[in-house]
Amino acid sequence: MSVDQASSAGVAGVPKGRWSEYTELSRQIKQAGLLERRYRWYGARIALNLVLLAAGWVAFFLLGASWWQLVTAAYLAVVFTHLAFVGHDAGHRQIFRSRRANDLAGLVHANLGVGVSFGWWVGKHNAHHTNPNDEDLDPDISIAALAFTDDQASSKHGLVRWVARYQAFLFFPLLLLEAAHLHLASIKAIVRGGSGRANVVEGLLLVVHLAGYVTALWLVLSPVQGLVFVVVHQGLFGLYLGCSFAPNHKGMPTLTQADALDFLRRQVLTSRNVRGSRFVDFLLGGLNYQIEHHLFPSMPRPNLRRAQPLVRAFCRQHGLVYAEATLVGSYGEALRHLHTVGAPLRPAVTE
């Protein structure tokens, strides 16, 4: 969907640069106490994640060289994703007031916990938040194998052009490679980052994670079982993580530098919420409140549900489309968009 298409939906055409509107919304959010830290909630969530992680590895060693370990691999994929959710929150300074404390939590959960560079990811993710769905500036829609705009589709060549041609069908299979991509990108970032103290710490934590992971596999499983375990565990980890982020912006309007939208409209226009119960909140790590999260990135995750009625009513009052879909519906919208963008690359059907 383009900005012009969004105009017909009543979003574009609203006067831009209305920072006073965002200030008004921010005042309501602050008065409601929704930016206050939630130490007990995060303490309980982190403790639960650690217990679940420990239980997974205890089960791994008790099961021994058994093909039932593939169940353990699937279980640990879920746990790793929830560790990554906490790392995401730490990157947005949602957990603690202190930057140092958030960084420490992020390093433990990302580098040590799941083997992804916290520093690299934060820089990439901040660029996304600053310019969501901007085809020139958002790294999340600058993916070699996928095309999110007509210009991106026309620029593809060779194998990636074929992938983009059928990207709607290949989207979920490609997510199985997401964890591998994150690990490789993290290693590249560490290697290119030089010998700074922060970079050395990140590198050491990644090495400890990898050494512990490989040692556990070597001590318990046969080489073939170990290889299959890695494929299942990392594949499902990437799939779950990708499925948690995919509904948020895919299929929403894409922007360019020519679209001079103010902060409020840029964030609301390009984001989609996922409707559902508290189970959906847990399943998606709070990312289902994407509009609220983009408007207030440092808002603690458990406060997003409470902020939603305020933000939805504010958008309605100011004539802003507040996009929501079911979980399945959000995937449908994303896949339809990918299928439409890839259409010009597919051979014409002749009768």
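Quick caveat, the model's predicted, so the values are computed rather than measured. Residue positions within a chain follow its written sequence, with the count starting from 1. For a predicted model such as this one, the threshold for reporting local features is a pLDDT of at least 70, and the threshold for listing and counting side-chain atom pairs is 80 or more; totals across whole chains, interfaces and linings nevertheless cover every residue. To get the side-chain values, take all heavy atoms of the structure and skip hydrogens and water.

**Observations regarding the overall build of the protein**
A count of helical and extended segments in the protein gives 17 helices and 2 strands. Along the first, second and third principal axes, the C-alpha atoms of the protein reach 65 × 65 × 45 Å. Residue burial in the protein is summarised as follows: out of 351 residues, 49% are buried. Whether two residues are in contact is decided by their heavy atoms, any of which lying within 4.5 Å being enough. In the protein, of all internal contacts separated by at least 6 residues, the share reaching a separation of at least 24 is 71%. The protein chains shown are the only cover counted for residues, whose accessible areas, like all others here, come from Shrake-Rupley with a 1.4 Å probe. In the form shown here, the protein has an accessible surface area of approximately 16700 Å², with 66% of it arising from carbon and sulfur atoms. Positive charges come from Lys and Arg, negative ones from Asp and Glu, while His and the chain ends are left out of the count. All charge positions are set by atom: Lys at NZ, Arg at CZ, Asp at CG, Glu at CD. Looking at the protein, you have 32 positive and 22 negative side-chain charges, and the mean spots of the two groups are 8 Å apart. Helix and strand assignments come from DSSP, with helices taken as H or I runs of at least 4 residues and strands as E runs of at least 2, each series counted from the N terminus. We call a residue buried when its accessible area falls under 20% of the maximum for its residue type, exposed when it is over 50%, and partly exposed in between, using a 1.4 Å probe and counting protein chains only.

**Structural notes on the nonpolar core**
In terms of nonpolar packing, the biggest core is built from 25 residues, with Leu-53, Trp-57, Phe-60, Phe-229 and Phe-237 touching the most fellow members. Going through the elements one at a time, helix 3 (39–63), helix 4 (69–91), helix 10 (178–192), helix 11 (197–220) and helix 12 (223–245) are the ones with two or more residues in this core. For this core, the leading source of residues is helix 4, giving 8 residues. Setting aside residues no more than four positions away along its own chain, Phe-60 makes contact with Gln-69, Thr-72, Ala-216, Leu-217, Val-220, Leu-221 and Phe-229. As used in this record, nonpolar core signifies buried Ala, Val, Leu, Ile, Met, Phe, Trp, Tyr and Cys residues forming a set joined through side-chain atoms within 4.5 Å. Counting residues in hydrophobic clusters, the runner-up holds 18 residues, among them Tyr-289, Phe-296, Cys-315 and Tyr-322.

**Some points on the environment of Asp-140**
With respect to the element layout, Asp-140 can be found in the loop between helix 6 (118–130) and helix 7 (150–154). The buried category is assigned to Asp-140, whose relative accessible area is 18%. For Asp-140 and His-125, which are 15 residues apart along the polypeptide, the C-alpha to C-alpha distance reads 8.1 Å. In contact with Asp-140, not counting residues within four places along its chain, are Lys-124, His-128, Phe-148 and Lys-250. Reaching out from Asp-140, the side chain makes a polar contact with the side chain of Lys-124 at a distance of 2.8 Å. Any pair of nitrogen or oxygen atoms within 3.5 Å is treated as a polar contact; in protein, a donor-acceptor pairing is required on top of that, and neighbouring residues in sequence qualify only through side-chain atoms on both sides.

**Examining a nonpolar patch on the surface**
A contiguous nonpolar patch, built from Leu-104, Val-108, Leu-112 and Val-208 and spanning about 330 Å² of accessible area, is present on the exposed surface. Sort the elements by how many residues they give to the nonpolar patch and helix 5 (residues 99–114) lands first, with 3 residues. Under the relative-accessibility criterion, Leu-112 is labelled partly exposed at 34%. Without a salt bridge and with relative accessible area above 30%, a residue can belong to a patch; like charges are then joined within 9 Å and nonpolar side chains (Val, Leu, Ile, Met, Phe, Trp, Tyr) within 5 Å. A side-chain nitrogen of Lys or Arg and a carboxyl oxygen of Asp or Glu constitute a salt bridge if their distance falls within 4 Å.

**Describing unusual backbone geometry**
Backbone geometry at Arg-93 places phi at a positive 60°, although glycine is not the residue there. Structurally, Arg-93 can be placed in the loop between helix 4 and helix 5.

**Observations regarding the packing of helix 10 against helix 12**
When two helices pack together, you describe them by how their axes are tilted relative to each other and by the distance separating the axes. At a closest axis distance of 6 Å, the pairing of helix 10 and helix 12 adopts a crossing angle of 95°. Judged on the interaxial angle alone, helix 12 and helix 10 are roughly perpendicular. Counting all contacts with helix 10, which are made through Glu-178, Ala-179, Leu-182 and His-183, the residues of helix 12 involved are Gln-234, Phe-237, Gly-238 and Leu-241. Amino acids outside the nonpolar list (Ala, Val, Leu, Ile, Met, Phe, Trp, Tyr, Cys, Pro) and the charged list (Asp, Glu, Lys, Arg) are all regarded as polar, and Gly is one of them. Its residues assigned to classes, the contact of helix 10 with helix 12 comprises 4 nonpolar, 3 polar and 1 charged. Helix axes are fitted only over the stretch in contact, all axes being lines through C-alpha atoms; the angle between N-to-C directions runs from 0 to 180 degrees. Here the word oblique covers every angle except those under 35 degrees (roughly parallel), over 145 (roughly antiparallel) and from 65 to 115 (roughly perpendicular).

**Comments concerning the packing of aromatic side chains**
Two aromatic rings from Phe, Tyr or Trp, using only the six-membered ring of Trp, form a pair when their centres are within 6.5 Å; if the ring planes differ by under 30 degrees the pair is stacked, by over 60 it is edge-to-face, and anything between is tilted. Tallied over the entire structure, the rule returns 13 aromatic pairs. Ring centres of Tyr-22 and Phe-263 lie 4.9 Å apart, and the angle between their planes is 70°; on these two criteria the pair is classed as edge-to-face. One end of the pair, Tyr-22, is in helix 2 (residues 19–31); the other, Phe-263, is in helix 13 (residues 263–269), and 241 residues separate them in sequence. Exposure remark for Tyr-22: the relative accessible area of 15% places this residue in the buried category. Note on Phe-171 and Phe-172: the rings are 5.4 Å apart at their centroids and 70° apart in plane angle, and the pair reads as edge-to-face. By relative accessible area, Phe-171 is classed as buried at 6%. Residue Phe-172 is classed as partly exposed on the basis of its relative accessible area of 27%. One aromatic cluster is present, formed by Trp-57, Phe-60, Phe-61, Tyr-213 and Phe-229 through successive ring pairs.

**Overview of helix 10**
With 15 residues, helix 10 extends 21 Å between its outermost C-alpha atoms, agreeing within 8% with the 21 Å of an ideal straight helix rising 1.5 Å per residue. When we look at burial in helix 10, the residues that qualify are Ala-179, Leu-182, His-183, Ala-185, Ser-186 and Ile-190. In an axial view of helix 10, the angular spread of the buried residues amounts to 165°, which keeps them on one side of the axis. Projecting away from the buried face of helix 10 at angles above 90 degrees are the exposed residues Leu-184, Val-191 and Arg-192. The span one expects for a helix is its residue count, reduced by one, times 1.5 Å. Here, the arc refers to the directions that run from the helix axis to the C-beta atoms.

**Describing the confidence of the model for the protein**
On a range of 0 to 100, pLDDT expresses the predictor's confidence in each residue. Summarising the model, the protein shows a mean pLDDT of 92, and 93% of its residues fall at 70 or more. Long-range and interchain partners of residues 1–17, a stretch whose pLDDT sits below 50, account for 27 contacts in this model, where long-range means more than four residues apart.

**Digging into helix 17 (residues 327–342)**
For helix 17, which comprises 16 residues, the first-to-last C-alpha distance of 23 Å matches the rise-based estimate of 22 Å (1.5 Å per residue) to within 8%. Residues of helix 17 that are buried: Ser-330, Tyr-331, Ala-334, His-337, Leu-338, Val-341 and Gly-342. The buried side chains of helix 17 occupy one side of the element, clustering within an arc of 130° when seen end-on. Seen from the buried face of helix 17, the exposed residues on the opposite side, beyond 90 degrees, are Val-328, Arg-336 and Thr-340. Contact partners of the buried residues in helix 17: helix 7, helix 8 (158–165), helix 9 (167–175), helix 12, strand 1 (273–274) and strand 2 (324–325).

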